[in-house]
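Inside the fold
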Amino acid sequence: GTDVVRDREGDFLVLEDNCRSPSGVSYVVENRHLMQRAFPDLMRGLKLRPVSNYAKQLLAKLREVAPAGIDEPSVVLLSPGIFNAAYFEHVFLAREMGVPLVEGRDLAVENDRLFVHTIAGLAPVHVVYRRINDEYLDPTAFDPSSLLGVPGILRAALKGNLTLANAIGTGVADDKAVYAYVPRLIRYYLSEEPILHNVETNICREPDALAYTLANLDKLVLKPVGESGGYGIVIGPKASAKELQEAADRLKSDPGNYVSQPMIDLSVAPTLTESGARPRHVDLRPYAVTGRDTWVLPGGLTRVALREGSMIVNSSQGGGTKDTWVLADDA
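Calculation rules
- Residues numbered from 1 in each chain as written.
- Predicted model: local features only at pLDDT ≥ 70, side-chain atom pairs only at ≥ 80, totals over all residues.
- Heavy atoms only, no water.
- Helix = DSSP H or I, 4+ residues; strand = E, 2+ residues; numbered from the N terminus.
- Rg over C-alpha atoms; globule rule 2.2 N^0.38 Å.
- Buried < 20%, exposed > 50% of the residue type's maximum accessible area, 1.4 Å probe, protein only.
- Contact = heavy atoms within 4.5 Å.
- Phe/Tyr/Trp six-rings, centres within 6.5 Å; stacked < 30°, edge-to-face > 60°.
- Core = buried A, V, L, I, M, F, W, Y, C linked by side-chain atoms within 4.5 Å.
- 1 Å grid on protein atoms, 1.4 Å probe; cavity = no way out; pocket = protein on both sides within 12 Å on 5 of 7 lines; lining within 4 Å.
- Points joined across faces, edges and corners; volume = space filled by probe spheres on them.
- Nonpolar A, V, L, I, M, F, W, Y, C, P; charged D, E, K, R; others polar.
- Salt bridge = Lys/Arg side-chain N within 4 Å of Asp/Glu carboxyl O.
- Patch = residues over 30% accessible without salt bridge, like charges linked within 9 Å, V, L, I, M, F, W, Y side chains within 5 Å.
- Areas by Shrake-Rupley, 256 points an atom, 1.4 Å probe, with all protein chains shown as cover.
- Pairing = 2+ DSSP bridges.
- Polar contact = N/O pair within 3.5 Å; in protein donor to acceptor, adjacent residues only side chain to side chain.
- Expected span 1.5 Å × (residues − 1).
- Arc of directions from axis to C-beta.
- Axes fitted to C-alpha atoms, helices over the stretch in contact; angles between N-to-C directions.
- Parallel < 35°, antiparallel > 145°, perpendicular 65-115°, else oblique.

On to the overall build of the protein. What the protein contains, in helices and strands, is ten helices and 20 strands. At 22 Å, the protein has a C-alpha radius of gyration in line with the 20 Å of a compact globule built from 331 residues. C-alpha extents for the protein along the principal axes are approximately 60 × 55 × 45 Å. The burial tally for the protein puts 45% of its 331 residues in the buried class. In the protein, once contacts between residues fewer than 6 apart in sequence are set aside, the share between residues at least 24 apart is 60%.

Following this line, the structure appears as structure tokens:
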């Protein structure tokens, strides 16, 4: 999932890359279903490209990356459980794909192979679509206190008996400091120019960028490199003097943990509020699924900052979502 924004000049820019297991696609599908039920006349005659086949595409790609020699790979979705903020999505995707929704306690490793407990006994698992972070996945390899993962699951993957999707370590590409280098990665590996440009980013572990950020903190957006969900962000132009001083102190004590960017005046969309239709800031998260080739969902998650004047569109910070329409070529 890639977060795309539109600035005041009308240019589309990539704000963030989400490569671990980007959430929100269930809302894309459910938003469409709700719109079709609530406003069927609004869509009549429009040739909208469907979004309901996302789970079918995801399952096909998961099966494509199964270990070699498996003709009918078994897939499960591994969730942290009901207290996770995205549990609705885990249930939705498992149901839509027709695969078991499991937690760590439902799985076991024997002879470097993964199995799921069923009423008929142990059944083999060949692909795990994981929705838990690396550090909780295998207590024998990472955090020994984790109760969410499966002891030995990483060993099964390293032996080639299991595919983990997304793979361990893909969170590196989520890192906001790595984000700053993506245009250069595209040029190096693909010998192409990026079609969409990044937002200008200052990597604060670099002395010049740190000095610039500290001198202009009231004009910039400060972001911790490893956080998600909008947590830890300080929007300089909207922050109080106290918040700016606290941010500066954190930045000085751990500059490598931060990047800064200019505040992008996000485009707005009409949004129904208690006061009627009002402009609210939005971004767009399209989704791509990759196996032997790549399929891009013809739509995406339009996220809305519901609070007036807010630039934070994350649902964890009070944001909402909108249905996003992509017309067929012959529409």
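Turning our eyes to something else, we now look at the packing of aromatic side chains. Within the structure shown, the criterion is met by five aromatic pairs. Ring geometry for tyrosine 27 against phenylalanine 88: centres 5.5 Å apart, planes inclined by 35°, an arrangement best described as tilted. Of this pair, tyrosine 27 sits in helix α1 (residues 25-38) while phenylalanine 88 sits in helix α4 (residues 87-97), and the two are 61 residues apart along the sequence. Centre to centre, the rings of tyrosine 54 and tyrosine 287 are 6.3 Å apart; their planes meet at 70°, and the pair counts as edge-to-face. With a gap of 233 residues between them, tyrosine 54 in helix α3 (residues 54-64) and tyrosine 287 in the loop between β16 (276-285) and β17 (288-290) connect regions that are remote in the sequence. A single burial state applies to tyrosine 54 and to tyrosine 287, both of which are buried.

Turning next to the nonpolar core. Within the largest apolar cluster, 25 residues are counted, with the highest numbers of intra-cluster contacts made by Tyr54, Leu62, Leu93, Met97 and Leu297. The biggest single contributor to this core is α3, with five residues. Ignoring sequence-local partners within four residues, the contact set of methionine 97 consists of Ala55, Leu58, Leu59, Leu62, Leu77 and Tyr129. Counting residues in hydrophobic clusters, the runner-up holds 17 residues, among them Val109, Ile132, Ile153 and Ala156.

A volume near 1,200 Å³ is recorded for the second largest pocket. What lines the second largest pocket is a set of 36 residues, among which Gly1, Thr2, Asn18, Cys19 and Ala288 lie closest to the centre. If you list the elements that add at least two residues to the lining of the second largest pocket, you get β1 (2-6), β2 (12-17), α3, α8 (182-190), β10 (197-198), β17 and β18 (294-296). Here the lining of the second largest pocket is built from residues that sort into 24 nonpolar, nine polar and three charged.

What follows deals with the pattern of salt bridges. Tallying each qualifying case throughout the model produces 16 salt bridges. Across the pair glutamate 89 and arginine 131 runs a salt bridge, and its minimum N-O distance is 3.0 Å. Note that glutamate 89 is positioned in helix α4 and arginine 131 in the loop between β8 (127-130) and α5 (134-137), a separation of 42 residues in sequence. Within the structure, one salt-bridge network assembled from shared partners comprises Asp3, Asp283, Arg285 and Arg303.

Here the focus is a nonpolar patch on the surface. On the surface, Phe39, Leu42, Leu46, Trp325 and Leu327 cluster together into a nonpolar patch covering about 460 Å² of accessible area. Mapping leucine 42 onto the fold places it in helix α2 (residues 40-43). We classify leucine 42 as partly exposed; its relative accessible area is 47%.

Strand pairing in a sheet relies on backbone hydrogen bonds. The paired strands run either parallel or antiparallel. Spatially, four strands are ordered β11-β14-β12-β13 in an open sheet, and the strand pairing comes out antiparallel. Edge positions in the sheet fall to β11 (202-203) and β13 (234-235), since each has one partner strand and no second. Where strand β12 (residues 220-224) and β13 come together, two bridges link them in antiparallel fashion. Directly across from valine 221, in β13, lies its bridge partner isoleucine 235.

What follows deals with the environment of threonine 302. Position of threonine 302 relative to the elements: it lies in strand β19 (residues 301-304). Residue classification places threonine 302 among the buried positions, given a relative accessible area of 13%. Taking the C-alpha atoms as reference, threonine 302 lies 8.4 Å from glycine 320; in sequence the two are 18 residues apart. Once residues lying within four places of it in the same chain are set aside, the contact partners of threonine 302 are Val282, Asp283, Leu284, Gly320, Thr321, Lys322 and Thr324. A distance of 2.6 Å separates the side chain of threonine 302 from the side chain of threonine 324, its partner in a polar contact.

A few words now on helix α10 (residues 241-253). Along an α-helix, residues three or four positions apart point the same way, because every turn accommodates 3.6 residues. Look at α10: 19 Å from first C-alpha to last across 13 residues, which is about the 18 Å you get at 1.5 Å a residue. Every buried residue of α10 is listed here: Leu244, Ala247, Ala248 and Leu251. Seen from one end, α10 has its buried residues packed into an arc of 100°, which puts them on one side. Exposed and facing more than 90 degrees away from the buried side of α10 are Lys242 and Ser253. If you follow the buried residues of α10, they end up packed against α9 (207-215), β12, β13 and β14 (258-262).

As a packed pair, α3 and α4 sit with axes 8 Å apart at the nearest point and diverge in direction by 75°. If you check the angle between α3 and α4, you find them roughly perpendicular. Along its contact with α3, which presents Tyr54, Ala55, Leu58, Leu59 and Leu62, the element α4 presents Leu93, Glu96 and Met97.

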